[in-house]
Amino acid sequence: MVRTQIQARGIHDEGVLEAMSRIPRHRFVSGTSAFEAYGDFPLSIGHGQTISQPYMVALMSEELRLLGIERCLEIGTGSGYQTAVLAELAAEVYTVELVPELLERSRRLLEELGYTNIRYRSGDGSAGWPEHAPYDRILVAAAAPSVPRPLTAQLGDNGILVIPVGDSRNYQTLMVVRRIGNRLDTRESIGCRFVPLVQKARGY
Ligand code: SAH
């Protein structure tokens, strides 16, 4: 998977490649064959949600440029697979998931796999997790029509946020936002397709 889907498409971050070689992805998608678990596509994880395609996990992780000292916020725990990658590459991970059953399943598995640097919260992550802000890195695994203000507000100086942005359910753009003092520097990465970020406060 790492060689043919990830390295072959230009991901070079050694930390990302090593973490994804180590983490048992099949444990995060129970009930599927090894072919499917390590296949080049997203998969259903129940509750209408999906585990991201391995390449997308790798790209988002590389875009975060993690050194191992960061405090990271993740919105959309889902299967917990991306959470594991972040936990391997950053110092602390704060992960928020809207569907309580998904959060509990992921928490159990991540604890069983021995991760001790993850804090879990069930709820609407579009408002971030203000109690532990600022974050050095923020990763959003669901698409929003625009970058939610509470998230950029919780991004520390020199912090990086990656988020799929777009109105369409079929096509969005992965955006990389960097805070430099009071300025936000925004760059487009690639086209992508994620489930929508539910924003309760805004009624969708
Ligand atoms: N990285 C995950 C992707 C999960 S899909 C993985 O690879 O498994 C996106 C997840 O975002 C879903 O589990 C969905 O329930 C969650 N989600 C959607 N809107 C949310 C919100 N407002 N707050 C927190 N989680 C949300």
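### As for the packing of aromatic side chains
- Under the criterion given, the structure shown has four aromatic pairs.
- Between Phe 28 and Tyr 81, the aromatic rings sit 5.6 Å apart at their centres with planes inclined by 75°, giving edge-to-face as the arrangement. Within this pair, whereas Phe 28 is found in the loop between α2 (14–22) and α3 (34–37), its partner Tyr 81 is found in helix α5 (residues 81–89), the two being separated by 53 residues in sequence. Just as Phe 28 is buried, Tyr 81 falls in that class too.
- An aromatic cluster is defined as three or more aromatic residues linked by ring pairs; in this entry it consists of Tyr 94, Trp 129 and Tyr 135.
- Of note, Arg 9 hangs over the ring of Tyr 55, and the distance from its end group to the ring centre comes to 5.2 Å.
- One cation-aromatic arrangement involves Arg 25 over Tyr 81; the distance from NZ or CZ to the ring centre is 4.8 Å.

### So, the site of the ligand
- Taken together, 24 residues are adjacent to the ligand, and Ser 79, Glu 97, Asp 124, Gly 125 and Val 198 come closest.
- One of the backbone N or O atoms of Val 198 is found 2.5 Å from a nitrogen atom in the ligand.
- Expressed as a share of its isolated accessible area of 580 Å², the protein-covered part of the ligand is 99%.
- At a threshold of 2 Å from the grid points, most atoms of the ligand map onto the largest pocket.
- For the shell around the ligand, the secondary structure elements donating two or more residues are β2 (49–51) and β4 (92–97).
- Looking at the shell around the ligand, the element that brings in the most residues is β2, giving three residues.

Reading the values: rules and limits
Residues numbered from 1 in each chain as written. Predicted model: local features only at pLDDT ≥ 70, side-chain atom pairs only at ≥ 80, totals over all residues. Heavy atoms only, no water. Phe/Tyr/Trp six-rings, centres within 6.5 Å; stacked < 30°, edge-to-face > 60°. Helix = DSSP H or I, 4+ residues; strand = E, 2+ residues; numbered from the N terminus. Buried < 20%, exposed > 50% of the residue type's maximum accessible area, 1.4 Å probe, protein only. Lys NZ or Arg CZ within 6 Å of the ring centre and 35° of its normal. Near = heavy atom within 4 Å. Polar contact = N/O pair within 3.5 Å; in protein donor to acceptor, adjacent residues only side chain to side chain. Areas by Shrake-Rupley, 256 points an atom, 1.4 Å probe, with all protein chains shown as cover. 1 Å grid on protein atoms, 1.4 Å probe; cavity = no way out; pocket = protein on both sides within 12 Å on 5 of 7 lines; lining within 4 Å. Sits in = over half its atoms within 2 Å of the grid points.

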